[in-house]
Amino acid sequence: MKNKIIIALISFTGFFGNTQEELIKTLFENKQYDQIISEHSAKVKDYSAKAIHYVGMAYYFKAYHNKPYYKEFLKLMNLSIKKDKTNPRPHFIKGSYFNYIGRFRSAIKSLKKAIKLNPNNSYYLNELGNSHLFIGNNDKAIKLYKHALQKDDPPDYLFTQIAQVYLIKNDTKNALKSFYVAKNNISKETQLYISVLENIAKHERSTKHLDKALIAFKELNKLDPTNITYYAEIIQVYNAKKDYEKAELHKQKLYENYAKDTVSEYPRTFFCFDKFILKGKRVHGLEQFKATKDKNYKHMFLQINENGKPEIIIRTTILSDSLKSGSPKYVLEMEKNKIHTIFPYKFVENFNYNDLKKTVILIFNKQIKRKKIKVSNRRLFTIRPTLIYN
């Protein structure tokens with residue numbers, strides 16, 4: 001009879017423990033962190049390891065606005081581990097927290113314990129990879145990320161982390177390989193897939209693989225036809241390939257969508273149609289959808305300095321008499337150090353972009369000799385015979 005009573009008490013205690021655990025779990029899943037802390041923090045010594053874990057996590061999620069809660073969170077994680085030395089979860093949570101506060105060596109110690117208890121969890125290996133990444137051990141991080149991909153249910157972002165570490169190592173070749181692996185394993189319905197495609201397009205372009213860059217940019221454009229940036233990137237790549245006809249065709253598509261008000265990318269007043277390097281300096285070509293009284297020009301070429309600011313601007317200013325049939329529409333104007341120079345190079349509306357670009361490059365390279373005079377408003381104007389580009 002005595003044995004039966006003991007067994008009954010054990011069963012009742014176990015049932016009570018499981019009930020409390022489920023109750024706290026439900027509160028936690030519903031983000032009732034304040035209720036968990038107020039009703040259960042004083043009783044944790046009588047709770048199961050898992051119930052203590054949930055109480056500790058409630059402190060963690062409230063600690064952002066109450067820093068002392070982090071100390072209580074760690075105390076409860078340690079108590080949970082003490083009550084159940086077979087559960088890897090508290091070790092993982094501690095390791096993640098130590099990564100967050102920059103205690104990477106402590107993180108590695110906790111995460112190794114979690115992995116020892118469950119070596120097939122991809123998240124544990126991923127977080128350990130993060131620890132090594134944070135201390136600059138990039139090769140070890142890549143090895144751990146790749147190992148994590150072989151485990152149970154690896155998260156999609158793991159694929160991209162491998163590529164990002166290769167970029168940190170300035171290894172664009174392997175980064176691109178990793179991005180392509182990611183592309184083949186991530187759902188097209190996710191924002192992460194978009195990010196992977198953008199990286200492929202960007203780095204294929206930077207390594208002069210323009211055809212591969214085009215494939216990626218065109219897929220991005222298909223996935224999001226409202227994004228001005230993707231149209232602009234396609235136009236830029238075609239201009240880089242000197243395929244000005246196709247660049248113009250895609251520019252027309254952009255204008256058609258602009259007219260329909262189906263492009264949403266901010267800002268909507270300009271788009272970048274060309275980028276190139278000139279004597280080590282970046283040049284960006286911008287085109288304005290609609291000229292205004294304050295901005296009476298169509299195109300701008302910005303020469304960017306090392307601080308990322310334009311030091312020279314060349315514009316295709318719209319001529320006042322350009323409405324006359326057959327008359328040139330644009331004249332080139334340069335702004336440098338708040339001084340304006342007007343060049344007598346005029347272009348009709350449907351000009352050949354190659355002619356414009358060549359002329360702009362000549363001006364940037366100071367290969368056009370200029371005779372200058374001062375006028376009443378202190379601007380400097382160039383006096384030369386007028387050249388008209390049809």
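So, how was this worked out
Residues numbered from 1 in each chain as written. Predicted model: local features only at pLDDT ≥ 70, side-chain atom pairs only at ≥ 80, totals over all residues. Heavy atoms only, no water. Helix = DSSP H or I, 4+ residues; strand = E, 2+ residues; numbered from the N terminus. Buried < 20%, exposed > 50% of the residue type's maximum accessible area, 1.4 Å probe, protein only. Contact = heavy atoms within 4.5 Å. Areas by Shrake-Rupley, 256 points an atom, 1.4 Å probe, with all protein chains shown as cover. Arc of directions from axis to C-beta. pLDDT = per-residue confidence, 0-100. Salt bridge = Lys/Arg side-chain N within 4 Å of Asp/Glu carboxyl O. Axes fitted to C-alpha atoms, helices over the stretch in contact; angles between N-to-C directions. Parallel < 35°, antiparallel > 145°, perpendicular 65-115°, else oblique. Left-handed = near helix turned anticlockwise from the far one by under 90°. Core = buried A, V, L, I, M, F, W, Y, C linked by side-chain atoms within 4.5 Å. Polar contact = N/O pair within 3.5 Å; in protein donor to acceptor, adjacent residues only side chain to side chain. Pairing = 2+ DSSP bridges.

Along the backbone of the protein there are 15 helices and nine strands. Considering the protein as a whole, with its 390 residues, one finds that 46% of them fall into the buried category. The long-range share in the protein, meaning contacts at least 24 apart out of those at least 6 apart in sequence, stands at 43%. For the protein, the accessible area works out to roughly 22800 Å², and carbon and sulfur atoms hold 52% of it.

Turn by turn, an α-helix covers 3.6 residues, leaving residues three or four places apart pointing in a common direction. Buried residues of helix α2 (residues 33-40): Tyr33, Ile36, Ile37 and His40, and no others. End-on view of α2: buried residues confined to an arc of 105°, all on one side of the axis.

Time to look at the confidence of the model for the protein. Within the protein, residue pLDDT values average 87, and 86% of them lie at 70 or more. Ignoring residues within four places in sequence, the model shows residues 1-17, a span with pLDDT below 50, making zero contacts including any to other chains. With pLDDT under 50 throughout, residues 371-390 is counted as low confidence; its partners more than four residues away or in other chains account for 46 contacts.

Next up on the list: the pattern of salt bridges. For the structure on display, the rule yields 11 salt bridges. With its nearest N and O atoms 3.0 Å apart, the salt bridge here joins glutamate 335 to arginine 315. Note that glutamate 335 is positioned in strand β5 (residues 330-336) and arginine 315 in strand β4 (residues 310-318), a separation of 20 residues in sequence. When its relative accessible area of 22% is taken as the criterion, glutamate 335 is described as partly exposed. Note on arginine 315: relative accessible area 13%, which makes it buried. Shared partners join several salt bridges into a network, and the residues in it are Glu248, Lys251 and Glu287.

The subject of this paragraph is the packing of α2 against helix α3 (residues 49-62). It is the contact of α2 with α3, at a shortest axis distance of 9 Å, that shows an interaxial angle of 130°. In this view, α2 runs oblique relative to α3, as classed from their interaxial angle. Along this stretch, α2 crosses α3, giving a crossing that reads as left-handed. Along the contact surface, α2 presents Tyr33, Asp34, Ile36, Ile37 and His40, while α3 presents Val55, Ala58, Tyr59, Phe61 and Lys62.

A separate point is the nonpolar core. Of all hydrophobic cores here, the largest spans 95 residues; its most connected members are Phe73, Phe271, Phe301, Ile314, Leu332, Leu356 and Phe364. Here the element with the most residues in this core is helix α13 (residues 228-240); it accounts for eight residues. For leucine 332, the contacting residues outside a window of four places in its chain are Ile314, Arg315, Thr316, Thr341, Ile342, Phe343, Tyr345, Phe347, Leu356, Thr359 and Ile363. If you look at the next biggest cluster of nonpolar residues, it comprises eight residues, including Phe270, Leu286, Tyr297 and Met300.

Quick look at the side chain of glutamine 236 now. In this fold, glutamine 236 is placed in helix α13. Among the polar contacts listed, one links the side chain of glutamine 236 to the backbone oxygen of cysteine 272, at a separation of 2.9 Å. Not counting residues up to four positions away in its chain, the partners in contact with glutamine 236 are Arg205, Cys272, Phe273, Asp274 and Lys275.

Right, let's talk about the pairing of β5 for a bit. Most of β5 sits inside the fold, with five of its seven residues counted as buried. With seven bridges joining them, β4 and β5 adopt antiparallel strand pairing. Bridge pairing in β5 places isoleucine 318 opposite tyrosine 330. As defined by bridge partners, β5 adjoins strand β6 (residues 339-347) across seven bridges and the pair is classed as antiparallel. Opposite leucine 332, over in β6, you have phenylalanine 343 as the bridge partner. Between β5 and β6, which pair antiparallel in sequence order, lie two residues; one of them, asparagine 337, sits at a positive phi of approximately 55°.

On to the pairing of strand β2 (residues 281-288), then. When you tally the buried positions in β2, you get six out of eight residues, the bulk of the element. Where strand β1 (residues 270-278) folds back onto β2 in an antiparallel hairpin, the turn is made up of two residues, including lysine 279, whose phi is positive at roughly 50°.

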